[in-house]
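This is what each chain is made of:
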Number of protein chains: 2
Amino acid sequence: MMQLEQHILKFISLTDDELQSVLSYFTRIETKKKELLLQESQVCRYNYFVESGCLRMYFMDDKGVEKTVQFAIENWWLSDYFSFQKQSNSEFYIQAIEPSTILGLTFPNQEKLLTEHQKMERYFRMVHQTAHAASQVRAKYNKDFSREEQFRHFYDNFPEFVQRVPQYMLASYLGITPEYLSELRAKIVS
Amino acid sequence: MMQLEQHILKFISLTDDELQSVLSYFTRIETKKKELLLQESQVCRYNYFVESGCLRMYFMDDKGVEKTVQFAIENWWLSDYFSFQKQSNSEFYIQAIEPSTILGLTFPNQEKLLTEHQKMERYFRMVHQTAHAASQVRAKYNKDFSREEQFRHFYDNFPEFVQRVPQYMLASYLGITPEYLSELRAKIVS
DNA sequence: CGGTCTCTTGACGGAGTTCAAAGCTAGTGG
DNA sequence: CCACTAGCTTTGAACTCCGTCAAGAGACCG
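Residues numbered from 1 in each chain as written. Chains lettered and ligands numbered in written order. Predicted model: local features only at pLDDT ≥ 70, side-chain atom pairs only at ≥ 80, totals over all residues. Heavy atoms only, no water.

Undergrad: Explain the pairing of strand β5 (residues 66-72) of chain A to me, and be specific about the residues and the numbers.
TA: All names here are of chain A. Among the seven residues that make up β5, six are buried, leaving the element largely enclosed by the rest of the structure. Strand direction decides the pairing type here: strand β4 (residues 55-60) and β5, joined by six bridges, are antiparallel. When the bridges of β5 are listed, Met 60 appears paired with Glu 66. Linking two consecutive strands that pair antiparallel, namely β4 and β5, is a turn of five residues; a positive phi of about 85 degrees is found at Gly 64 within it. (Buried < 20%, exposed > 50% of the residue type's maximum accessible area, 1.4 Å probe, protein only. Helix = DSSP H or I, 4+ residues; strand = E, 2+ residues; numbered from the N terminus. Pairing = 2+ DSSP bridges.)

Okay, here's the thing in structure tokens:
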């Protein structure tokens with residue numbers, strides 16, 4: 001049984017036939033490490049569901065420094081939803097930071113899927129509502145803790161993830177420089 | 001024609017009868033200035049739609065300083081979606097910062113509404129997807145610009161809003177102290 | 001009016017950045 | 001399977017943005 005099926009069934013009930021039909025709208029994509037799925041000034045064609053591996057979304061600031069806004073691991077959805085919804089040019093890059101297996105849903109396919117399977121509106125509503133809730137929690141988080149506390153928290157709660165991604169990506173996600181992250185790491189180990 | 005009706009009709013089609021039925025699930029609430037709609041450690045009972053006025057969501061840090069995570073003006077939805085969805089205790093306050101007219105939807109009513117009117121799943125999916133997209137844009141924003149640039153941008157693009165809310169709320173939303181905001185404001189005027 | 005909120009101003013301090021250089025690590029081709 | 005290189009991480013010194021504290025000036029309600 002695949003991951004996406006399980007994820008969908010957490011929120012709504014579908015028959016086997018319905019599930020098979022739903023899955024037919026997706027494209028399975030295998031990526032290499034560091035492969036780019038979206039580049040700046042392209043339209044974000046897909047809404048991605050991660051089966052295995054890890055994606056990140058980032059942009060370049062005016063000095064050419066990459067800044068990570070989001071990671072997505074197994075069972076997470078990721079897309080530039082502004083670009084995806086409006087079919088406008090994106091300001092982001094989406095990159096697989098490990099060899100990954102993902103399922104892609106194009107905008108037209110998503111529309112067709114939702115027309116064909118009304119219940120999937122509820123599924124996607126739940127996915128977005130949950131993401132919206134998570135963004136509120138993160139907003140609190142950012143304002144409540146210093147960068148050092150944020151890193152410490154991350155380090156304590158997701159040690160395997162800290163191992164999994166390069167430091168400089170984590171630093172840019174936490175909004176600090178790699179140099180400062182290195183300093184914090186040294187402080188914690190001691 | 002009320003604001004919410006118009007907002008719903010931007011995303012889906014409903015007959016007049018359906019619209020009337022949909023609206024019957026909401027409670028209209030009139031607030032005074034500074035009235036609290038949600039307090040820390042309460043369950044966030046309502047999903048709020050702002051007809052007129054302005055709400056903000058904030059929390060208290062451990063020093064007792066209020067930190068604003070979100071504003072909501074006319075035609076915006078606001079709730080602590082984590083607390084609302086799980087019916088768990090909230091860490092936030094929601095406050096009307098002006099006399100406001102809002103429509104409240106309790107969690108049980110939202111569930112009933114969505115069961116009764118399947119099309120509303122699409123509406124709420126769109127609302128949350130749009131909010132999700134906006135949170136991604138804000139994430140970029142926060143990482144891309146210094147606090148000074150963020151304030152300047154805010155000041156240039158939403159001058160009426162800068163007038164409308166007290167400085168200290170705006171400061172806490174931008175993640176700076178009122179003192180520093182005052183300094184920036186002085187810099188800009190000159 | 002009077003008192004409490006709100007906004008401003010300035011001196012000082014500290015968290016986090018920048019820049020430069022050296023040390024590591026991992027992927028690549030021979 | 002080793003050697004080389006490019007990319008990643010660490011270290012340290014100087015600097016800057018922004019917070020803290022304190023004190024005063026407005027502004028808004030009862």
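That shown, we press on.
Undergrad: Which residues make up the protein's contact with DNA strand D, and what values do they have?
TA: Around DNA strand D there are 15 residues in total, and A:Gln167, A:Tyr168, A:Ser182, B:Ile176 and B:Tyr180 lie nearest to it. The share of sugar and phosphate among atoms of DNA strand D within 4 Å of the protein is 83%. A distance of 2.7 Å is found between a phosphate oxygen of DNA strand D and a backbone nitrogen or oxygen belonging to A:Gln167. Measuring from a phosphate oxygen of DNA strand D, one finds a backbone N or O atom of B:Arg147 at 3.5 Å. Of all elements in the fold, only α8 (167-174) and α9 (178-189) of chain A together with α9 (178-189) of chain B reach the threshold of two or more residues within the surface near DNA strand D. (Near = heavy atom within 4 Å. Polar contact = N/O pair within 3.5 Å; in protein donor to acceptor, adjacent residues only side chain to side chain.)

Undergrad: Hey, could you go over the nonpolar core for me, with residue numbers and the actual values?
TA: Formed by 23 residues in total, the largest nonpolar core has its most connected members in B:Leu4, B:Trp77, B:Met120 and B:Tyr123. Contributing elements (two or more residues each) for this core: α1 (3-9), α2 (16-23), α3 (81-86), β8 (100-106), α4 (107-116) and α5 (119-144) of chain B. With four residues, α5(B) is the largest single contributor of residues to this core. B:Tyr123 has contacts with B:Leu4, B:His7, B:Ile8, B:Phe11, B:Ile12, B:Phe49 and B:Trp77, leaving out every residue within four places of it along the chain. Counting 22 residues, the second largest nonpolar core, distinct from the first, contains A:Leu14, A:Leu23, A:Phe124 and A:Val127. (Core = buried A, V, L, I, M, F, W, Y, C linked by side-chain atoms within 4.5 Å. Contact = heavy atoms within 4.5 Å.)

Undergrad: Got a sec to walk through the interface of chain A and chain B? Specific residues and values, please.
TA: Across the contact, 38 residues belong to chain A and 38 residues belong to chain B. Where chain A abuts chain B, roughly 3500 Å² becomes buried across the two surfaces, and 53% of that area is made up of carbon and sulfur atoms. If you look at where chain A meets chain B, you find eight salt bridges. One salt bridge connects A:Lys140 with B:Glu91, and the closest N-O pair in it is separated by 3.3 Å. (Buried area = accessible area lost by both parts, 1.4 Å probe. Salt bridge = Lys/Arg side-chain N within 4 Å of Asp/Glu carboxyl O.)

Undergrad: Kindly report on the environment of A:Arg147, identifying the contributing residues and their values.
TA: Mapping A:Arg147 onto the fold places it in helix α6 (residues 147-157). Among the residues examined, A:Arg147 registers a relative accessible area of 34% and is labelled partly exposed. Between the C-alpha atoms of A:Arg147 and A:Ser90, which are 57 residues apart in sequence, the distance is 28 Å. Excluding residues within four positions of it along the chain, A:Arg147 makes contact with A:Leu174, A:Gly175, A:Ile176, A:Leu184 and B:Arg147.

Undergrad: Quick one: what's the story with the protein's contact with DNA strand C, residue by residue and with numbers?
TA: Residues in contact with DNA strand C amount to 17 residues; listed here are only the nearest, A:Lys33, A:Tyr180, B:Gln167, B:Tyr168 and B:Ser182. At the protein interface, 81% of the atoms of DNA strand C within 4 Å belong to sugar or phosphate. Contacts to DNA strand C include A:Tyr180, whose side-chain N or O atom sits 2.5 Å from a phosphate oxygen. Secondary structure elements with two or more residues in the surface near DNA strand C: α9 of chain A together with α8 (167-174) and α9 of chain B. Here the surface near DNA strand C gets four residues from one element, more than from any other, and that element is α9(B). Taken together, the residues that form the surface near DNA strand C break down as five nonpolar, five polar and seven charged. (Nonpolar A, V, L, I, M, F, W, Y, C, P; charged D, E, K, R; others polar.)

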